[in-house]
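# Topology and contacts: notes
So the chains spell out like this:
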Amino acid sequence: MADLSVNYRRPIKSELKSRKKVFRAPEDPVGSAVEKLLRENYRYKYTYAVNPYAEVYRFRDNIYGIYTDSIDGAGDPWMFLIEGPEKALLIDTSFGLGDLKGLLKEIIGNKPVLVANTHSDFDHAYGNYQFDTVYCHEYEEPIIRSKMNPHVWDYLFDENGNGIWADFDRKDLVPFREYNLIGVPDGYIFDLGCGYEVELIHTAGHSIGHAGFLDRQARIFFAGDDACIGGLQCSGGGLEKFEHREYATVEALCMQMKKVVGRMDEFDSVFPSHGLVDLNIYALINLISICESILENPNRYDCKHIKTRDGITRAQYGRLIPGAGYLNYSETSVYMNKVWHADSEV
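This structure is a prediction, so every number in the text was calculated from the model and none was measured.

## Focus: the overall build of the protein
- Helices and strands together make up the secondary structure of the protein, namely six helices and 19 strands.
- A globule of 346 residues ought to have a C-alpha radius of gyration of about 20 Å, and the protein, at 19 Å, matches this closely.
- Considering only C-alpha atoms, the protein reaches an extent of 60 × 50 × 40 Å along its principal axes.
- Sequence separation of 24 or more characterises 61% of the internal contacts of the protein that already satisfy a separation of 6 or more.
- Carbon and sulfur atoms form 50% of the exposed surface of the protein, whose accessible area is close to 15,300 Å².
- Computed over 37 positive and 51 negative side-chain charges, the separation of the two mean positions in the protein equals 3 Å.

What follows is the structure, encoded as structure tokens:
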């Protein structure tokens, strides 16, 4: 088995205060090479003393990517900031490590900021506690709400209080506090002023209420975890108790992404929340093709792993997406209204 310690990773020059120690998956040789080029050579990269855990990349005149280290061994998450004429929209809030509100003020001054989550995972929504109000798709709202407690970060530390996957100052985690969580429907519009609108689009798949965000002015679709280079989890683990569970499936992902691609005249670039960004539309077209292939015969998988989550052990299957890693699924996350049993007739 490959050694997953940091010693076997190519080093990336970074001023980030966090230091990674252990990874949950082997290094992606292509993606990591491009990441190294971006992080060490991108012309419009900035760091700010107010938040030493973030790198800021200006990808368009009014579009910023905020890069943070993963502190739980998984993929490093992006946050995205869209600056409109009167307001800004922050997509995702990462782990809540470092002063995110102070960082936003450094980037865009005192302009009001709306905050929205693509989905409920730790690396996308645990910085919510820095804000008064956060939006999400209505199906994801109960999932995010179920994780609102002061112990959400406990899993990051061992019995001695040391970070398991990364070294960082625990005092730099934002303190827990209540905030106003608002679930909104598919197609909800965030008005950033003077006709600048960003639309929330329900994409499903990775989570029940996973959402992407369409910025028609910048011609960008922010895809969250539903189009990540390196891998996409569509396995539904831990979501069994929530309503609309059928949307955490390959079938729902395929259905919703076809709607997005049907609007391809409205955007040119795809910005996922992990790995490579500024992809072209083929990232979504290839994903749809693999979804269709899985739905036709989920037994034609390329890899199989046994995973345990929340005390439940299940098999996870993976189909290779050309140039993008694997789409992973389980027996209960293929079809919306039926369970597939491995090696059974479909």
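This is not the end of the story, as more comes after the structure.
## Quick notes on unusual backbone geometry
- Its identity is not glycine, yet Ser94 carries a phi of approximately 60 degrees, on the positive side.
- Secondary-structure assignment places Ser94 in the loop between strand 6 (88-91) and helix 2 (100-108).
- On the basis of relative accessibility, which here comes to 6%, the residue Ser94 falls in the buried class.
- One non-glycine residue with positive phi stands out, namely His244, at about 65 degrees.
- As for its placement among the helices and strands, His244 is situated in the loop between strand 15 (232-234) and helix 5 (250-261).
- Here His244 falls in the partly exposed class, since its relative accessible area comes to 30%.

## Quick notes on the packing of aromatic side chains
- Evaluated as defined, the whole model comprises 30 aromatic pairs.
- An angle of 35 degrees between the planes, with centres 4.5 Å apart, marks the rings of Phe122 and Tyr155 as tilted. On the criterion of sequence distance, the pair formed by Phe122 in helix 3 (residues 122-125) and Tyr155 in the loop between helix 4 (141-146) and strand 9 (166-167) is long-range, its members being 33 residues apart.
- By relative accessible area, which is 27% here, Phe122 ends up partly exposed.
- Tyr155 sits in the partly exposed class, given a relative accessible area of 23%.
- Judged by centre distance (5.5 Å) and plane angle (65 degrees), the ring pair of Tyr129 and Trp153 falls under edge-to-face. Of this pair, Tyr129 sits in the loop between helix 3 and strand 8 (133-137) while Trp153 sits in the loop between helix 4 and strand 9, placing them 24 residues apart in sequence. Across the pair, Trp153 and Tyr129 agree in class, each one buried.
- An aromatic cluster is built from Tyr42, Tyr44, Tyr57, Phe59, Tyr67, Trp78, Phe80, Phe222 and Phe271, whose rings are joined through pairwise contacts.
- A cation sits over an aromatic face here: Lys147 above Phe122, 5.3 Å from the ring centre.
- Residue placement shows Arg170 over the ring face of Phe157; its charged tip is 3.8 Å from the ring centre.

## Thoughts on helix 2
- For helix 2, the full list of buried residues reads Leu100, Gly102, Leu103, Leu104, Ile107 and Ile108.
- Residues of helix 2 that are buried in the fold lie against strand 2 (45-48), strand 3 (51-60), strand 4 (63-67), strand 5 (78-83), strand 6 and strand 7 (113-116).

## Description of helix 5
- An ideal rise of 1.5 Å per residue puts 16 Å on 12 residues; helix 5 measures up with 16 Å between its terminal C-alpha atoms.
- What helix 5 keeps buried is the set Val250, Ala252, Leu253, Cys254, Gln256, Met257, Val260 and Val261.
- Against the buried residues of helix 5 lie strand 12 (197-202), strand 14 (220-224), strand 15, helix 6 (282-296) and strand 19 (325-329).

## Focus: the pairing of strand 3
- For strand 3, the buried fraction is high: seven of the 10 residues fall into the buried class.
- For strand 2 and strand 3, the ladder comprises three bridges, and the chain directions are antiparallel. When the bridges of strand 3 are listed, Tyr48 appears paired with Asn51.
- Here five bridges tie strand 3 to strand 4, and the two strands are oriented antiparallel to one another. The partner of Val56 across the bridge, within strand 4, is Ile66.
- Counting the residues in the hairpin turn of strand 3 and strand 4 gives two residues.

Criteria and cut-off values
- Residues numbered from 1 in each chain as written.
- Predicted model: local features only at pLDDT ≥ 70, side-chain atom pairs only at ≥ 80, totals over all residues.
- Heavy atoms only, no water.
- Helix = DSSP H or I, 4+ residues; strand = E, 2+ residues; numbered from the N terminus.
- Rg over C-alpha atoms; globule rule 2.2 N^0.38 Å.
- Contact = heavy atoms within 4.5 Å.
- Areas by Shrake-Rupley, 256 points an atom, 1.4 Å probe, with all protein chains shown as cover.
- Lys, Arg positive; Asp, Glu negative; His and termini not counted.
- Charge placed at Lys NZ, Arg CZ, Asp CG, Glu CD.
- Buried < 20%, exposed > 50% of the residue type's maximum accessible area, 1.4 Å probe, protein only.
- Phe/Tyr/Trp six-rings, centres within 6.5 Å; stacked < 30°, edge-to-face > 60°.
- Lys NZ or Arg CZ within 6 Å of the ring centre and 35° of its normal.
- Expected span 1.5 Å × (residues − 1).
- Pairing = 2+ DSSP bridges.

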